[in-house]
Amino acid sequence: MSWFFTKSVDFYRQNRPDHLLTQYGSPLYAYNEQVLRERCRDMKNLVDSPLFGVNYSTKANSNLTLLNIIREEGLDADAMSPGEIHVLLQAGFKPEQIFYICNNVSVEEMAYAVERDICVSVDSLSQLELFGRAFAGRRVAVRINTGHGAGHNEKVVTAGKKTKFGVNDDQITDIKALVKRYSLRLCGLNQHVGSLFMEGSAYLAGARLLMELALEFDDLEFIDLGGGFGISYYKQAGEGPMDLAPLSRELTELIQNFQHRCGRPVHCKIEPGRYITAECGVLLGNVLARKVNSGVTYVGTDLGFNVLQRPIMYDAHHEAEIYRDGVCLEGDHETVTVVGNICESGDKLLKARSLPRMQLGDVIAVMDAGAYGYSMASNYNNRLRPAEVLIGLDGQPRLIRRRDTLEDLMRGFAL
Ligand SMILES: Cc1ncc(COP(=O)(O)O)c(C=O)c1O
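Here the structure is a predicted model, which means the values were calculated and not measured. (Residues numbered from 1 in each chain as written. Predicted model: local features only at pLDDT ≥ 70, side-chain atom pairs only at ≥ 80, totals over all residues.)

1. Focus: the pairing of strand β2 (residues 52-57)
Across the 6 residues that make up β2, a large majority, 5, are buried. Judged from the 3 bridges that link them, β2 and strand β10 (residues 267-270) form a sheet pairing that is parallel. Following the sheet pairing, F52 is matched in β10 by C268. As defined by bridge partners, β2 adjoins strand β3 (residues 76-79) across 3 bridges and the pair is classed as parallel. What sits directly across from Y56, in β3, is A77. Viewed along the sheet, the connection from β2 through helix α5 (residues 64-72) into β3 turns out right-handed. (Buried ≥ 20, exposed ≤ 12 C-beta atoms within 10 Å, placed from the backbone. Helix = DSSP H or I, 4+ residues; strand = E, 2+ residues; numbered from the N terminus. Pairing = 2+ DSSP bridges. Right-handed = clockwise from strand over helix to strand, strands pointing away.)

2. Overview of helix α10 (residues 201-214)
Here α10 spans 20 Å end to end across 14 residues, near enough to the 20 Å set by a 1.5 Å rise per residue. As for α10, its buried residues are in contact with β6 (139-145), β8 (185-190), β9 (222-224) and α11 (244-262). (Expected span 1.5 Å × (residues − 1). Contact = placed C-beta atoms within 7 Å.)

3. Comments concerning the site of the ligand
The local shell around the ligand holds 19 residues, among which S57, S195, G227, G273 and R274 are the closest. A class-by-class count of the residues in the shell around the ligand yields 7 nonpolar, 8 polar and 4 charged. (Near = placed C-beta within 6 Å. Nonpolar A, V, L, I, M, F, W, Y, C, P; charged D, E, K, R; others polar.)

4. A short note on unusual backbone geometry
A cis amide bond links S26 with the next residue in sequence, P27, at an omega value of -5°. With respect to the helices and strands, the residue P27 is situated in the loop between α3 (17-24) and β1 (28-32). One non-glycine residue, D325, lies in the positive phi region at around 50°. Relative to the assigned elements, D325 resides in the loop between β13 (320-324) and β14 (327-328). Look at D325 and you get exposed, because 9 C-beta atoms sit within 10 Å.

5. Details of the nonpolar core
Core analysis: the biggest nonpolar cluster contains 104 residues, and Y100, V120, V142 and V366 have the highest contact counts within it. Two domains each provide a minimum of three residues to this core, namely domain 1 (3-30 + 280-409) and domain 2 (45-277). Ignoring anything within four residues of it in the chain, the contact list for V142 reads S121, V122, L128, V167, I175, L186 and L189. (Core = buried A, V, L, I, M, F, W, Y, C linked by C-beta atoms within 7 Å. Domains from an automatic or database assignment.)

6. Focus on the domain arrangement of the protein chain
How big an interface is tends to be stated in terms of accessible area lost as the parts join. Examined at the domain level, the protein chain breaks down into domain 1 (3-30 + 280-409) and domain 2 (45-277). The C-alpha-based centres of domain 1 and domain 2 are spaced at 32 Å. With 17 residues of domain 1 at the interface, the matching set in domain 2 holds 18 residues. Those elements giving two or more residues to the side of domain 1 that touches domain 2 turn out to be β18 (387-391) and β19 (397-401). Classifying every residue of the side of domain 1 that touches domain 2 gives 7 nonpolar, 5 polar and 5 charged.

7. Quick look at the environment of I223
Among the structural elements, I223 can be located in strand β9. I223 sits in the buried class, given 24 other C-beta atoms within 10 Å. Residues I223 and Q191, spaced 32 residues apart in sequence, show a C-alpha to C-alpha distance of 8.5 Å.

8. Focus on the packing of helix α4 (residues 33-44) against α5
Look at α4 against α5: their axes get within 10 Å of each other, and the N-to-C directions meet at 45°. Taken together, the axes of α4 and α5 are oblique relative to one another. Here α4 runs over α5; the crossing is right-handed. Taking contact as the criterion, the partners of E33, L36, R37 and C40 in α4 are, on α5, L66, I69 and I70. Looking at the contact of α4 with α5 residue by residue, the class counts come to 5 nonpolar, no polar and 2 charged. (Axes fitted to C-alpha atoms, helices over the stretch in contact; angles between N-to-C directions. Parallel < 35°, antiparallel > 145°, perpendicular 65-115°, else oblique. Left-handed = near helix turned anticlockwise from the far one by under 90°.)

9. Comments concerning the pairing of strand β5 (residues 119-122)
Judged by which residues are buried, β5 turns out to be covered on both faces: C119 and S121 on one side and V120 and V122 on the other are all buried. As paired elements, strand β4 (residues 98-101) and β5 share 3 bridges and run parallel to each other. By the bridge assignment for β5, F99 is matched with C119. On the question of chirality, the crossover connecting β4 to the parallel β5 by way of helix α7 (residues 107-114) is right-handed. Relative to β6, β5 runs parallel, the two sharing 2 bridges. Following the sheet pairing, V122 is matched in β6 by V142. Tracing the backbone out of β5, into helix α8 (residues 125-134) and back to the parallel element β6 gives a crossover that is right-handed.

10. Quick notes on the environment of G273
Structurally, the position occupied by G273 is in the loop between β10 and α12 (274-277). Placed 217 residues apart in sequence, G273 and Y56 show a C-alpha to C-alpha distance of 5.6 Å. Once residues lying within four places of it in the same chain are set aside, the contact partners of G273 are Y56, S57, K59, A60, G227 and A371.

Right under this line is the structure:
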């Protein structure tokens, strides 16, 4: 059951899903501060070493209030665009706490980071050359593809032979030559094997290879092993959380061994996104229609793929809870396809799923929607992106981003 119920009765009374929708409008993203802080601490505690650090991957959720909390918990951050850098700076991250991992960007974009003393990671030899020509003598990191990929869908496997990312590990000589030609200071090597692994073997294999490569460079300040730590999207079906203990043990050993072989301090970072924010977020919406078309029962909601793209983008599975008059329904299941309000046949949130029989007026809560939820939301069909609320440590909800307005849709037009 979701965190709505795992807290006290008072907590639930203050945060009944239907009441939240009445107060803030539907659809709505609701986040739980306590869960967010716990996930930050899980990652911080993964390796007990002063040379270990966690960069939160901002792309998963870039809400300013959540970023503030993540910073308070002692995490640094990765950015994937000048926009993310801007929001991170607004959230109080210092330039040295931000790592800009770009791919295929212009010199102007690189300059946005360099001028703010933010470390840039480039992702190809040609981008390294571009960086060198524009910023000779500066610090730079290079993203490596060690050949080890992992992930829940081929679209999120970001290393190996079928991806655009990184410089292949057999091109180290070319990296060295460019670094020398432009008197660059190669400060870091980074990688990201992919997103959502539930056990760490590919991650550790990639980490081992990156460490071997790192030993070929004398003055690296850090290596960054990437993110991808999974969460269970099948909790109702009994899937447990990722067991971090073995990964923690092996990573600690690897890092200690690496430090020993380096003979000098080289920081080791990880860059989780999903693990930090997915489970603290629930997407709430209203059931607005029912129909049977050619034998399929469709339940129509206001949760189109403009508010949650993961199901159509990755065929991703999210669990759902149904609430009626503040009670979470159980039993009396039927098989339904839950759809949104976007004018596309593919607008399916939950396909052929066994769920408690729904009726108009029910509230549907989509679980584990805090990562790659709002951050991938759009105004497609000129729909308004939802509001976001945070349920604080005091159990009280507060608005942390207002819902879009019709005026927002007019922003930027040359009239
Ligand atoms: C370079 C990089 N680092 C970190 C992440 C975060 O991944 P996750 O949210 O799976 O931890 C991503 C996501 O794709 C990424 O591309």
